[in-house]
Amino acid sequence: LIFDFYGYYIRDVHLVTFTSDFGLSDPYVGEVKGVILAIAPEARIIDVTHDIEPGNLLQASFALSGSFRYFTEGTLHLVIVDPGVGTGRDIVAVRTPRFTFVGPDNGVLWEAVQRDGPGEIFMLDTERLYAELQRRHSDNTVVRHILKNGTSATFHGRDLFAPLTAYLCAGHPLGAVADPCEELVKLMLPVPVKTEQSVAGRVIYTDRFGNLVTNIPRDLINHNDEVFIKVKNELALVGRMSHTYAEVHQGEPLALIGSRNTLEIAVNRGSACEYYDASNGDEILILKGKRGQ
Amino acid sequence: LIFDFYGYYIRDVHLVTFTSDFGLSDPYVGEVKGVILAIAPEARIIDVTHDIEPGNLLQASFALSGSFRYFTEGTLHLVIVDPGVGTGRDIVAVRTPRFTFVGPDNGVLWEAVQRDGPGEIFMLDTERLYAELQRRHSDNTVVRHILKNGTSATFHGRDLFAPLTAYLCAGHPLGAVADPCEELVKLMLPVPVKTEQSVAGRVIYTDRFGNLVTNIPRDLINHNDEVFIKVKNELALVGRMSHTYAEVHQGEPLALIGSRNTLEIAVNRGSACEYYDASNGDEILILKGKRGQ
Amino acid sequence: LIFDFYGYYIRDVHLVTFTSDFGLSDPYVGEVKGVILAIAPEARIIDVTHDIEPGNLLQASFALSGSFRYFTEGTLHLVIVDPGVGTGRDIVAVRTPRFTFVGPDNGVLWEAVQRDGPGEIFMLDTERLYAELQRRHSDNTVVRHILKNGTSATFHGRDLFAPLTAYLCAGHPLGAVADPCEELVKLMLPVPVKTEQSVAGRVIYTDRFGNLVTNIPRDLINHNDEVFIKVKNELALVGRMSHTYAEVHQGEPLALIGSRNTLEIAVNRGSACEYYDASNGDEILILKGKRGQ
């Protein structure tokens, strides 16, 4: 265990997850990794996804907040979905009980930090970061190249997020390059509305298999409940809750608790997306079933 | 060398290949890797492909059986193409002379195991796996999270395949979490039909470059043979066997032995897929050439 | 530091970058990595991109030459974009002051080598490479498999580039498997034309965000300059140079210095590609602004 300036421990795991909207076609993801590994050769970088829709903060927040717990304690979670790059938005590092989160302060970290919180929030001071890099890593050609060129207007991922991530991964003290601050910009995932007779939620993610992931958590659902989906202003009955895909015939829809621990609507060996012509934001209605019915 | 309960050695390579139909847009691949690395931090995970068509067992079997030999002896090959997730299908680990294969028992492992075989087959006992994880890794927050939530109905990759893979990668004994069983579910890749005058095969894979990979192995082909492709019930002559793309003019088709050691139909600096409007399943006919002709 | 036969040092970084046109859907990228890791288990392979358009040497050259400096000194940069696979084109390894480059001698390495040059160029001798593999690594099953099958006509990436890369990564002497040669095949990225009143350049890359990356370097541009784009033979005014995206309203176009240190045309939170219906090769014109105007 290494204790840094503020007394936070950085566990010796050197694991970095990386979530972005960079895609995999351009060399951007590779360059961010190159910079991290130049400064922190011991880092192990795992891609969560780089296929976030450009600038879609809700999608990134949903991906991160559902995934971060599946990485070992001490992991640094780096998120770069940053439509405000080059504006006054801050860059933050947040220390929660189990993880460090690094990203732009545009709300993208908020949900995950809430779930692991409370977190201590630090705001990057670019000049002090570059001074520390100069002091500690000026023998490194990558660091010298970045310091010489300065921060680009368009690619803070490579020029600021990656050096900050690597600096922390190398065990250097966060307090030397960032200042404590009070609050993160808040971005709440939409929450379902509950009445005595119903729960009204939404599709908040659609995956490769065409599954419709909703924001309705497991504990608002009983096995007798009836699930409806509203498509183009018409309510369609999906059915009662199932336990597995195979409870319905191939090609038939079903509702079950998915891997995000929320209600999912799926089609056995098919795509619920196509079956209902549904997409993110569509409404989901649950009518509470009476036990014994 | 580490010997496990059943006397099988696990070579100290810690290399895991990962083939799935998860795609790279969703966080699923990252979560599987997170769980593996939480339990077996020494694992090195190499992606074969995650772009298997959802549920396409033949495509996954073809990818795996052509690739597994290019990884060093002792590698664990993890395949998650699992349309029957949540049903009664078993999860198996197979020890062949050089490799360990982990996947659902739906046929996807059969061809590769045949080629490296004979294999000793073990069927996962989920309860014993979770008990072993509890006993050995309960200080790990990821393991605790999985044990608390139990197995999801829809994502055995994260909740069962990844822990089993990591457990084996960490050198723990397979016999403690799985029972020997007799046979794998069989899924044969289509085989060509040979007569004295001809060989009739099929396109079984089309790659990014538009190459048509067939199931006709090198040893059924002579250099004098004439190759035909049947598209929309019409036979088109591709030509005699070539050694390299450059033997024909740019934009012209050719037949040669490809990197899977089978007949491939290609277009020099072009796409045979587009040239012939061909796809998986199309018939390929070889008429045996007379030597000296 | 390890000194090889020719006195070049191979720094102990074991970092390999990998750029190709293989895509991620086929198992080709995984197989190349498998072969590298079989021979050089200490290698760490970072993907730059595998989404180069099949055979597009200019695009690969642009990606590599913009990215190579963001990897630590001593990194080996492997590029496999090789439309002439199986013809007489050579395979080369180039030692520049900071890096080793491996690729086909078709021009794809030229720009990057120029930028880090001068480089010492070596041409692979396949027979000597295979003899060295036989001598040093014949206990390895992957090496044995490759030596037994010989070089395929279509996949030199797996059968030649990967073994050469791994051989170098393992610290073996380049001179034992390759001969010095004089010159690389030259492939220049298009250069802008400068007059007293104007600079005429081109779009040479379009990224995922729809940014139009041009070949006009920072030092040919002043802040007062007016930027035009020629689309379907009509000149459209983009505007004067901006520093950041946020200087214009959302949905409006702007010109700024991008992360390649060249002029980029972008749309704030939108796609310049779509805004102008522009693509690679389109002309960009800069009219020199008068200071104080």
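Before reading further, recall that the structure is shown in the block above.
Predicted model only: the values in this text are computed from it and were never measured. (Residues numbered from 1 in each chain as written. Chains lettered and ligands numbered in written order. Predicted model: local features only at pLDDT ≥ 70, side-chain atom pairs only at ≥ 80, totals over all residues. Heavy atoms only, no water.)

**Student:** Tell me about the overall build of chain A, and please be specific about residues and values.
**Tutor:** Regarding its fold elements, chain A presents seven helices and 17 strands. Projected onto its principal axes, the C-alpha coordinates of chain A cover approximately 70 × 40 × 30 Å. Of all intrachain contacts in chain A linking residues separated by at least 6 positions in sequence, the fraction that spans at least 24 positions is 66%. Carbon and sulfur atoms make up 48% of the accessible area of chain A, which totals about 11500 Å². Side chains of chain A give 27 positive and 37 negative charges; the mean places of these two sets differ by 4 Å. (Helix = DSSP H or I, 4+ residues; strand = E, 2+ residues; numbered from the N terminus. Contact = heavy atoms within 4.5 Å. Areas by Shrake-Rupley, 256 points an atom, 1.4 Å probe, with all protein chains shown as cover. Lys, Arg positive; Asp, Glu negative; His and termini not counted. Charge placed at Lys NZ, Arg CZ, Asp CG, Glu CD.)

**Student:** Got a sec to walk through the interface of chain B and chain A? Specific residues and values, please.
**Tutor:** The interface is formed by 38 residues belonging to chain B together with 33 residues belonging to chain A. Roughly 2900 Å² of surface becomes buried between chain B and chain A when both sides are summed, with 54% attributable to carbon and sulfur atoms. Summed over the shared surface of chain B and chain A, the result is two salt bridges. At the boundary of chain B with chain A, the tally comes to 20 residue pairs in polar contact (both at pLDDT 80 or more). Top contributing element to the side of chain B that touches chain A by residue count: helix α1 (residues 28-39) of chain B, with eight residues. Partitioned by chemical class, the residues of the side of chain B that touches chain A number 17 nonpolar, 14 polar and seven charged. (Buried area = accessible area lost by both parts, 1.4 Å probe. Salt bridge = Lys/Arg side-chain N within 4 Å of Asp/Glu carboxyl O. Polar contact = N/O pair within 3.5 Å; in protein donor to acceptor, adjacent residues only side chain to side chain. Nonpolar A, V, L, I, M, F, W, Y, C, P; charged D, E, K, R; others polar.)

**Student:** Just give me the short version of the pattern of salt bridges, but keep the residues and values in it.
**Tutor:** Within the structure shown, the criterion is met by 42 salt bridges over all chains. The shortest N-O distance in the salt bridge between Arg240 of chain B and Glu226 of chain B comes to 3.6 Å. Here the residue Arg240 of chain B occupies a position in strand β14 (residues 234-240), and Glu226 of chain B occupies one in strand β13 (residues 226-231), the gap between them amounting to 14 residues. Using a relative accessible area of 37% as the deciding quantity, one classes Arg240 of chain B as partly exposed. The partner of Asp82 of chain C in a salt bridge is Arg89 of chain C, with the nearest N and O atoms 2.6 Å apart. Note on accessibility: Asp82 of chain C and Arg89 of chain C belong to one class, buried. Each of Glu31, Arg158 and Asp159 of chain A together with Arg260 of chain C takes part in one network of salt bridges that share partners. (Buried < 20%, exposed > 50% of the residue type's maximum accessible area, 1.4 Å probe, protein only.)

**Student:** How would you summarise the interface of chain C and chain A if you had to cite specific residues and measurements?
**Tutor:** Contacts between the two partners involve 33 residues from chain C, matched on the other side by 38 residues from chain A. Together, the buried faces of chain C and chain A total about 2900 Å²; carbon and sulfur atoms form 54% of this surface. Of all residues in chain C, Tyr70, Arg208 and Phe209 of chain C bury the most surface against chain A, accounting for 26% of the area lost on that side. Our count for the chain C to chain A interface comes out at two salt bridges. Its salt-bridge partner being Glu31 of chain A, residue Arg260 of chain C comes within 2.5 Å of it at the nearest N-O pair.

**Student:** Now, about the relation of the copies chain B and chain A: what can you tell me, with residues and values included?
**Tutor:** The two copies are related by a screw motion: chain B maps onto chain A through a turn of 120° and a shift of 0.0 Å along the axis, at an RMSD of 0.0 Å. Classification of the inter-copy transformation places it as that of a three-fold axis. By residue overlap, the copies meet through two different surfaces: only 8% of the interface positions of chain B are interface positions in chain A. (Least-squares fit on C-alpha atoms with pLDDT ≥ 70 in both.)

**Student:** Any chance you could break down helix α1 (residues 28-39) of chain A for me, citing the residues and the numbers?
**Tutor:** Residues and elements named next belong to chain A. Between its first and last C-alpha, α1 extends 17 Å over 12 residues, near the 16 Å set by a 1.5 Å rise per residue. The element α1 is extensively covered by neighbouring structure, given that 12 of its 12 residues are classed as buried. Of the residues making up α1, those classed as buried are Tyr28, Val29, Gly30, Glu31, Val32, Lys33, Gly34, Val35, Ile36, Leu37, Ala38 and Ile39. (Expected span 1.5 Å × (residues − 1).)

**Student:** Help me get a handle on the packing of aromatic side chains, residues and values and all.
**Tutor:** The final tally for this structure, using the stated rule, is 30 aromatic pairs over all chains. Pairing Phe22 of chain B with Tyr28 of chain B gives two aromatic rings, centres 6.2 Å apart and planes at 80°, and the pair type is edge-to-face. The same class applies to Phe22 of chain B and to Tyr28 of chain B, which are both buried. Ring geometry for Phe62 of chain C versus Tyr205 of chain C: centroids 5.2 Å apart, planes at 25°, classification stacked. Here the residue Phe62 of chain C occupies a position in helix α2 (residues 57-67), and Tyr205 of chain C occupies one in strand β11 (residues 198-206), the gap between them amounting to 143 residues. Judged by relative accessible area, Phe62 of chain C falls into the buried class, the value being 9%. Through successive ring pairs, a cluster of aromatic residues spans Phe18, Phe22, Tyr28 and Phe155 of chain A together with Phe209 of chain C. (Phe/Tyr/Trp six-rings, centres within 6.5 Å; stacked < 30°, edge-to-face > 60°.)

**Student:** Break down the relation of the copies chain C and chain A for me, citing the residues and quoting the values.
**Tutor:** Rotating chain C by 120° about the axis while translating it 0.0 Å along that axis superimposes it on chain A, leaving an RMSD of 0.0 Å. Mapped onto chain A, only 9% of the interface residues of chain C are again interface residues, and the two copies thus contact each other with different surfaces.

**Student:** An account of the sheet that holds strand β6 (residues 91-95) of chain B is needed here, citing residue identities and associated values.
**Tutor:** Residues and elements named next belong to chain B. One open sheet accounts for seven strands, arranged β4-β3-β5-β7-β6-β8-β9; its pairing is mixed. Every interior strand has two partners, whereas the edge strands, β4 (44-49) and β9 (178-181), have only one. Direction aside, the axes of adjacent strands within the sheet are offset by 25° on average. Relative to strand β8 (residues 120-124), β6 is paired through four bridges, and the arrangement is antiparallel. Along β8, the bridge assignment pairs Arg95 with Glu120. Packed on one face of the sheet, helix α6 (residues 156-169) meets β3 (15-20), β5 (76-80), β6, β7 (100-104) and β8 and runs near 165° to β7. (Pairing = 2+ DSSP bridges. Axes fitted to C-alpha atoms, helices over the stretch in contact; angles between N-to-C directions.)

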